[in-house]
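# Coordinate analysis (summary)
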Amino acid sequence: MENILLTEADYKDKYPPLGLMKISTYHKFRGDNVVYSRELSNKARNYFSKIYITTRFSFHWGKTKELINFYKRNFDAEILIGGIHASINPDLYKKEFGINPNIGSLKGDLTPILAKIRNDEFLSLYIDDIMRYGIDVLPPDYSLFAGKEYSFDKILNDNYLIRATKGCKRNCSFCDVKKICEGYISKLPISPIIKYIDKNFGEKNNILFFDDNTLMSSDFDSIIYELKEIGFAKGKRSNGKTRTVDFNQGLDLRLLQENQLDLINSINISPVRFAFDDILMKDIYISQIKKVIEIGVKNISVYVLYNYKDTPEDFYERLKISIDLNGLNDCRIFSFPMKYVPNETLDRKFIGKHWTKRMIRGIQCILNCSHGIVPTKNTFFKKAFGENFNEFKKIIHMPENYIIYRRLNADNIKKWENEYKNLSESEKDIAFDSISAGKNKINYHPSGNANILSFLDHYKNEAI
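In this report, we go over the structure that sits alongside the text. (Residues numbered from 1 in each chain as written. Predicted model: local features only at pLDDT ≥ 70, side-chain atom pairs only at ≥ 80, totals over all residues. Heavy atoms only, no water.)

### A few points about the environment of Glu417
Looking at the secondary structure, you find Glu417 in helix α18 (residues 410-422). Given the relative accessible area of 30%, Glu417 is considered partly exposed. (Helix = DSSP H or I, 4+ residues; strand = E, 2+ residues; numbered from the N terminus. Buried < 20%, exposed > 50% of the residue type's maximum accessible area, 1.4 Å probe, protein only.)

### Some thoughts on unusual backbone geometry
Residue Pro271 is bonded to the preceding Ser270 through a cis peptide linkage, with omega at -5 degrees. Its location among the elements puts Pro271 in the loop between α11 (258-265) and β12 (272-275). Notably, Asn329 is not glycine yet its phi reads approximately 55 degrees, a positive angle. Topologically, Asn329 is positioned in the loop between α13 (312-325) and β14 (332-339). Overall, the relative accessible area of 45% leaves Asn329 in the partly exposed class. Although it is not a glycine, His371 adopts a positive phi angle of roughly 55 degrees. Summarising the element assignment, His371 is placed in the loop between α14 (357-368) and α15 (378-385).

### Section: empty space enclosed by the protein
Within this structure, the stated rule accounts for 1 cavity of 30 Å³ or more. By volume, the largest cavity is sized at about 90 Å³. Along the walls of the largest cavity sit Lys22, Asp136, Val137, Leu138, Pro140, Leu161, Ile162, Arg163, Leu188, Pro189 and Ile193, which together make up its complete lining. Grouping the constituent residues of the lining of the largest cavity by class yields 8 nonpolar, no polar and 3 charged. (1 Å grid on protein atoms, 1.4 Å probe; cavity = no way out; pocket = protein on both sides within 12 Å on 5 of 7 lines; lining within 4 Å. Points joined across faces, edges and corners; volume = space filled by probe spheres on them. Nonpolar A, V, L, I, M, F, W, Y, C, P; charged D, E, K, R; others polar.)

### Structural notes on the pairing of strand β4 (residues 78-83)
It is a general feature of regular strands that their side chains alternate between the two faces of the sheet. Examined bridge by bridge, strand β3 (residues 50-55) and β4 share 6 bridges and lie parallel to one another. By the bridge assignment for β4, Ile53 is matched with Ile81. Each parallel crossover has a hand, and the one from β3 via helix α2 (residues 61-74) to β4 is right-handed. (Pairing = 2+ DSSP bridges. Right-handed = clockwise from strand over helix to strand, strands pointing away.)

### Description of the packing of helix α12 (residues 282-294) against α13
Running from N to C, α12 and α13 point in directions that differ by 25 degrees, and their axes come no closer than 11 Å. In terms of orientation, α12 and α13 fall into the roughly parallel class. For the element pair α12 and α13, the recorded crossing hand is right-handed. Contacts between α12 and α13 involve Lys282, Tyr285, Ile286, Ile289, Lys290 and Ile293 from the first element and Glu317, Ile321, Ser322 and Leu325 from the second. (Axes fitted to C-alpha atoms, helices over the stretch in contact; angles between N-to-C directions. Parallel < 35°, antiparallel > 145°, perpendicular 65-115°, else oblique. Left-handed = near helix turned anticlockwise from the far one by under 90°. Contact = heavy atoms within 4.5 Å.)

### Quick word on the layout of surface pockets
Size it by volume and the second largest pocket reaches roughly 280 Å³. Lining the second largest pocket are 16 residues, with Lys14, Ile155, Asn159, Asp246 and Arg273 sitting closest to its centre. Looking at the lining of the second largest pocket element by element, the count peaks at 3 residues for helix α7 (residues 153-158). Its residues placed into classes, the lining of the second largest pocket shows 5 nonpolar, 6 polar and 5 charged.

### A few points about the side chain of Ser41
Secondary-structure assignment places Ser41 in the loop between β2 (33-36) and β3. Within the structure, Ser41 has its side chain in polar contact with the backbone nitrogen of Lys43 (distance 3.2 Å). Apart from residues lying up to four places away in sequence, Ser41 is in contact with Phe48, Phe70, Tyr71 and Phe75. (Polar contact = N/O pair within 3.5 Å; in protein donor to acceptor, adjacent residues only side chain to side chain.)

### Focus on the packing of aromatic side chains
One pass over the structure, following the stated rule, counts 38 aromatic pairs. Feature note: the residues Tyr306, Phe315, Tyr316, Trp355, Phe381, Phe385, Phe389 and Phe392 constitute an aromatic cluster, connected by ring pairs. Across the ring face of Tyr47, the terminal group of Lys43 is positioned such that the distance to the ring centre comes to 4.8 Å. (Phe/Tyr/Trp six-rings, centres within 6.5 Å; stacked < 30°, edge-to-face > 60°. Lys NZ or Arg CZ within 6 Å of the ring centre and 35° of its normal.)

Written out as structure tokens, the structure reads:
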């Protein structure tokens, strides 16, 4: 028996580390002692034989680097690095730590656990998939986090965490899936894993899929039929609660076919998640969303990418389109703005070609009041984001405390608006350029223009 540590940096996350949960299953099948911890271990230097460190996103780099260096300095264990950020930036991890990270899914040596798999009433049902894909298709170990509280406990307690498919055949320039997953897997086992979880960890009410592009699957109808067979047909309940299915990464609207609409409507997907990443998708988006609404879907969540190649104007238009579609057949469309940050970078400072730091921060200030979403009410939208693009542009350039605390700053905002209105177009351009770098970085142009200087006074005490 070996002592195994599974760890990651101590960042807040809504979702548990699914990869580590599957690695835990593998090592427990081997008879190893497995520990998950985000705290720096004080065990003896030779206590752990293997330390698995998973990585998430670029903005976690600082904490991840500290974590890896700690275990390199203080333990003699074999250190294995994987996860999203390491898979996308393997050369960085090799250079920084002298360790070649595992890219994508971990297959592992299954020889030590084959007998246990063959003898398990559920795992034996899909042994061919396990042999082909390895650790990545083992059921997750829900007992890994026992005894401690984490930010992802509710998700863990309520959901089967699973994949029905993996990978994506598309080549979207902003997406890193192609760097992590080779090829596309159109169907992975579902029911045997769910039955295994039921037996070993207790029944869950919902299913949370982490698929990259489920609608791309030629087996989509088979996936839906399987979900219905195991108790997730529309209207099905468990312990008095409706059983829901959530394709958390979203469904690709561009691929949605007429026959798939009925399939989607035959299970209780809540919410139905899509993406509206490019204004060039406008006609497709409107047409497909209307079809989804017409079959009776009420809750729709839409990821809206910004700070990429888009402009602030088309970002606003994408939000407004969803607001205008709200209310059709009593549907509710919640937009989730997603700021683009390349995973090749090591922080969140990236600013897109058509954006400024001030604009980005302005959007974040608006979303701060609505917990990151754009609510469905048109009245709220007009107040928060403006009745048109010019209003939106004005709002995201206001001082931060004016955006967040509008009631408290009503008089100051009125004065700001009057001064803004009195600026000429060229003066507005100069003023906006002066504040573009964000809070505490005002560039006072040496023009001596009294109107501009008076306007910039609003930004002197911007701390919130």
